Amino acid sequence: MSATLDQIFVLIKQWIVSFLPVAWQPVAGILLCVAAIVSVFPGLFAFTVLLERKGLGRMQNRIGPNRVGPFGIFQPIADGIKSLTKEDIVPYSADGVVHFLAPVVLVVAVFLGFAVLPMGRNMVLVDVDASLLFYFAIGASTELSVFMAGWSSRNKYSLLGAMRAVAQMISYEVPLLMSSVAIVMMTGSLSLVKIVEVQNHYSGIFPHWFIFTPWGFVGFVLYAVAATAETNRSPFDLPEGESELVAGYFTEYSGFKFALFFLGEYLAMFSISGLGATLFLGGWSAPFSFLTWIPSWVWFFGKVMTSIFVFIWMRGTLPRLRQDQLMNFAWKFVLPLTMINLFDAAIWRFLGEGWLRWVICSTILLIAYIGMGRIGMSRKHFGPRSYRYAE
Amino acid sequence: MLGEGILKGLAETAKNFAGSFVSAERLTTVEYPEQRIAPIEATRDFPFLVYDGEDWEAGMRCVSCQICEKECPPKCIYIEKSKDKKPDALGKPQFYPTRFDIDISVCMSCQICVEVCPFEAIKMDTEFELSTTDRFGGLLHDRKQLSRSNEYYHRIHPTEAAEVDARLAEEKAKADAKAKAAAEAAAAKATAAAATPPAAIPPVGGA
């Protein structure tokens, strides 16, 4: 029974496809999976927007939206209708074609990332050998659409936002990759399906997730920092800082194009959370061996939604960074630490089984973290600000 | 250590998140159309015209002196003075406004009209839900729409209205006393005139 439930979507797909001629079956299967991805994640997006607005409200001791339907659950529908019916304005001096293409390119690129994520046992659209590489290659192309949007709008806020976005995304792309390279080193594979398989073993009741190793834990934290920056989420939301840049690179977008940017941003959050879960949190595997009867896809989406909640929590807590702080943090703290983490993963690999590698690897990382924190903070002055006025 | 502040902040927001479901005093939101906070006594937004008694037209205190019209900084008051006179609250014949319009889309709630009015005829209201679907005609209030009874004034600004009533009563008493004194003086004069032979004084007015 639980095996059927675990494979329910795969079985449904096979059942639908079986009505077609054999020659069409592979193509139809792929199309069906694409349709599922393209409908499930925007649905999740609507739910997340509501969750975010309610959750942020609660964090600020407000109620949040509660007017549309019971407890405001139809708020996403109202938002959707609003953005669909609004006028689509293109600035007079904008580059029309690029302006039109930018949101489309963003959404398409983000959707492509979902193609290689294993969302459950046997639930991956295409099982490529180098799926991690494919994911990062596709993920990097979102920067292009951001810059297309900022450049084609012919607006100073858009351009500044796009410049910030590109600088930020390229800076944080490096630690994002470097923190995942440790995983590739340990598993010896670039295939995400393989990476999940490696983690899907249990010692007693505890799983072999990479987050439960010193280098995996540090790698996960660094990955989370880089992922937050990569998706332009608070506290790294400089490209769309409302108080400085109106809305950043999508200032000149309205109506459905604006909705597409919004959708693309949240889809990027889902996909990067999904990748984080796959790399460090064991993908679709259950957290305890006695919970394996729960379908694998429940665990995958549960892990994604938990990450999303942490994203929202961070947004409700932290103020926005300054551009120089953002860059200093990326190049002077996060990147060196990912390098040390790679080194640490190598030590872990060659020390072999035993308690010794736990002690050594944890000590190295702890010393690196505290030491680099000290060095980074030593030149900062905390306390009341002093101002000097021009004479 | 680096990151301590972030953890503290996260704990604080988590406390808020959980606490807002448990303790009601955390949520300070007033859900406006259903829940309302009573306005404080000093609330003021747009002016209205005070009338005494039951009939708004007969009891209107405004004597159409047009001071408020001239003083109004954004010029949102328009008054047309009557040709005839009718008795006011003190019984003295006065002009009255045949038209008194306030465009509340122009009014800036400065209360200068209230301060300059010598007859306590224009006061500030607390009514704020004045939105209409007609942005020109709907926001131009005529004298009938602007009229409110003195009782209403007592209800919304009790202290201020009591002061105004006391002042008016004092003025009325003063006026009554003056009238009485004048009447007495006239009567005394008349009796004095009656006591002396009429031929002794020259005729008044020099007939």
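Keep in mind it's a predicted model, so treat the numbers as computed, not measured.

1. Details of the overall build of chain A
And step 1. Secondary structure summary: chain A contains 15 helices and 2 strands in total.
And step 2. Computed over C-alpha atoms, the radius of gyration of chain A comes to 23 Å, within 12% of the 21 Å expected from 2.2 N^0.38 for 391 residues, which places it in the range of a compact globule.
And step 3. Dimensions along the principal axes, computed over C-alpha positions, put chain A at roughly 70 × 60 × 40 Å.
And step 4. Looking at the 391 residues of chain A, the share that counts as buried comes to 40%.

2. Re the sheet that holds strand β2 (residues 77–81) of chain B
And step 1. Read across the sheet, 3 strands follow the order β2-β5-β7 (chain B) without closing on themselves; strand pairing throughout is antiparallel. Of all strands in the sheet, those bounded by a partner on one side alone are β2 and β7 (140–141) of chain B.

3. Quick look at the interface of chain A and chain B
And step 1. Counting from both sides, the interface comprises 14 residues of chain A and, opposite them, 13 residues of chain B.
And step 2. Looking at the side of chain A that touches chain B, the elements with two or more residues in it are α3 (25–59), α13 (296–317) and α15 (355–378) of chain A.
And step 3. By residue class, the composition of the side of chain A that touches chain B is 6 nonpolar, 6 polar and 2 charged.

4. Overview of the pairing of strand β1 (residues 47–51) of chain B
All names here are of chain B.
And step 1. Judged by how many residues are buried, β1 sits mostly within the fold: 5 of 5 residues are covered.
And step 2. Sheet analysis places β1 next to strand β6 (residues 122–124), joined by 3 bridges and oriented antiparallel. Following the sheet pairing, leucine 49 is matched in β6 by isoleucine 122.
And step 3. Bridge count between β1 and strand β8 (residues 147–149): 3 bridges; the pairing is parallel.

5. Quick notes on the packing of helix α5 (residues 96–114) of chain A against helix α6 (residues 131–140) of chain A
Residues and elements named next belong to chain A.
And step 1. In the contact formed by α5 and α6, the axes pass within 9 Å of each other and the chain directions differ by 170°. On the basis of their axis angle, the class for α5 and α6 is roughly antiparallel. As α5 packs across α6, the resulting crossing turns out to be left-handed. Contacts from Ala109, Leu112 and Gly113 of α5 reach α6 at Tyr135, Ile138 and Gly139.
And step 2. Of the residues contributing to the contact of α5 with α6, the split by class is 4 nonpolar, 2 polar and no charged.

6. Some thoughts on the nonpolar core
All names here are of chain A.
And step 1. With 81 residues, the main nonpolar core has Tyr223, Ala226 and Leu267 as its most contacted residues.
And step 2. At 12 residues, the largest contribution of residues to this core is made by helix α12 (residues 255–280).
And step 3. Ignoring any residue separated from it by four or fewer positions in sequence, one finds alanine 226 in contact with Tyr172, Pro175, Leu176, Ser179 and Val334.

7. Some remarks on the sheet that holds β8 of chain B
Residue and element names in this part refer to chain B.
And step 1. With respect to topology, 3 strands assemble into an open sheet ordered β6-β1-β8, the strand pairing being mixed. Two strands bound the open sheet, and with one partner strand each, they are β6 and β8. Neighbour to neighbour, the strand axes of the sheet diverge by 50° on average, direction disregarded.

8. Overview of α3 of chain A
All names here are of chain A.
And step 1. If you check α3, its first and last C-alpha atoms are 49 Å apart, about what 35 residues at 1.5 Å a residue would give, namely 51 Å.
And step 2. Turning to α3, its buried residues are Cys33, Phe41, Thr48, Leu50, Lys54, Gly55, Gly57, Arg58 and Met59.
And step 3. Trailing α3 by a residue or two, asparagine 61 shows a phi angle of about 55°, which is positive.

9. Some words on helix α8 (residues 156–187) of chain A
An α-helical segment advances 3.6 residues per turn. Residues three or four places apart therefore align on the same side.
And step 1. For α8 of chain A, with 32 residues, the first-to-last C-alpha span of 46 Å sits near the 46 Å given by 1.5 Å per residue.
And step 2. Once α8 of chain A finishes, glycine 188 of chain A follows within two positions and takes phi at roughly 70°, a positive value.

10. Here's the deal with the environment of threonine 48 of chain A
Residue and element names in this part refer to chain A.
And step 1. Take threonine 48: it is sitting in helix α3.
And step 2. Each C-alpha atom, one on threonine 48 and one on phenylalanine 270, is 9.8 Å from the other, the two residues being 222 residues apart in sequence.
And step 3. The contact partners of threonine 48, leaving out residues within four places of it in the chain, are Tyr266 and Ile308.

11. Topic: the confidence of the model for chain B
All names here are of chain B.
And step 1. Confidence along chain B averages 84 in pLDDT terms, with 93% of residues attaining 70 or more.
And step 2. Per-element averaging of pLDDT across chain B places strand β3 (residues 86–87) at the bottom with 79 and helix α3 (residues 112–116) at the top with 91.
And step 3. Across the interface, the model reports ipTM at 0.77; the global pTM reads 0.78.

Conventions and cut-offs
- Residues numbered from 1 in each chain as written.
- Chains lettered and ligands numbered in written order.
- Predicted model: local features only at pLDDT ≥ 70, side-chain atom pairs only at ≥ 80, totals over all residues.
- Helix = DSSP H or I, 4+ residues; strand = E, 2+ residues; numbered from the N terminus.
- Rg over C-alpha atoms; globule rule 2.2 N^0.38 Å.
- Buried ≥ 20, exposed ≤ 12 C-beta atoms within 10 Å, placed from the backbone.
- Pairing = 2+ DSSP bridges.
- Contact = placed C-beta atoms within 7 Å.
- Nonpolar A, V, L, I, M, F, W, Y, C, P; charged D, E, K, R; others polar.
- Axes fitted to C-alpha atoms, helices over the stretch in contact; angles between N-to-C directions.
- Parallel < 35°, antiparallel > 145°, perpendicular 65-115°, else oblique.
- Left-handed = near helix turned anticlockwise from the far one by under 90°.
- Core = buried A, V, L, I, M, F, W, Y, C linked by C-beta atoms within 7 Å.
- Expected span 1.5 Å × (residues − 1).
- pLDDT = per-residue confidence, 0-100.

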